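# Reading the structure
Listed here are the chains, written in short residue letters.
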Amino acid sequence: MNTEEIIAVIERERATLAPCILCGAPTRGCGVWQPGPLDAELLGQPPGKYRWIVYHLCDGHDLKDTATFAAAERAIFAKLGGAYPTAPGKATA
Ligand SMILES: [Zn+2]
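To start, this report covers the structure provided alongside it. The model shown is predicted, which means the values in this text are computed figures rather than measured ones.

### What about the overall build of the chain?
- On a plain count of helices and strands, the chain comes out with three helices and four strands.
- Counting from the amino terminus, the chain carries its helices and strands in the arrangement α-β-β-β-α-β-α.
- A buried classification covers 14% of the 93 residues belonging to the chain.
- A separation threshold of at least 6 residues defines the contact pool for the chain, and within that pool the share at least 24 residues apart is 64%.

### A word on helix 3 (residues 66-80)
- With 15 residues, helix 3 extends 21 Å between its outermost C-alpha atoms, agreeing within 8% with the 21 Å of an ideal straight helix rising 1.5 Å per residue.
- Count one or two residues on from helix 3 and you reach Gly81, which has phi positive near 80°.

### Here's the deal with the environment of Gln45
- Structurally, the position occupied by Gln45 is in the loop between helix 2 (37-42) and strand 4 (53-56).
- Along the chain, Gln45 and Pro35 lie 10 residues apart, while their C-alpha atoms are 9.8 Å from each other.
- Setting aside chain neighbours within four positions, we find Gln45 in contact with Ala40 and Arg51.

Conventions and cut-offs
- Residues numbered from 1 in each chain as written.
- Predicted model: local features only at pLDDT ≥ 70, side-chain atom pairs only at ≥ 80, totals over all residues.
- Helix = DSSP H or I, 4+ residues; strand = E, 2+ residues; numbered from the N terminus.
- Buried ≥ 20, exposed ≤ 12 C-beta atoms within 10 Å, placed from the backbone.
- Contact = placed C-beta atoms within 7 Å.
- Expected span 1.5 Å × (residues − 1).

Okay, here's the thing in structure tokens:
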């Protein structure tokens, strides 16, 4: 996926009223996460492949707090059925 395609996905997601990944509140805000190699492997991604994960966050979370994004990553792991790393943040290369 090239940069223009990623921007198009983000714009499409922002135009969609979707539930916040952390609390379920309706939101138009979204974040993008590209898992590092180890996180990707834990999420079942084939070797040599990568993906961008777009998720929604509402205004009820502190976007300057790294704990917010760690919680979002845990939620993504839960939704995608991956085994979350025991040391959050250590898996991302
Ligand atoms: Zn929320």
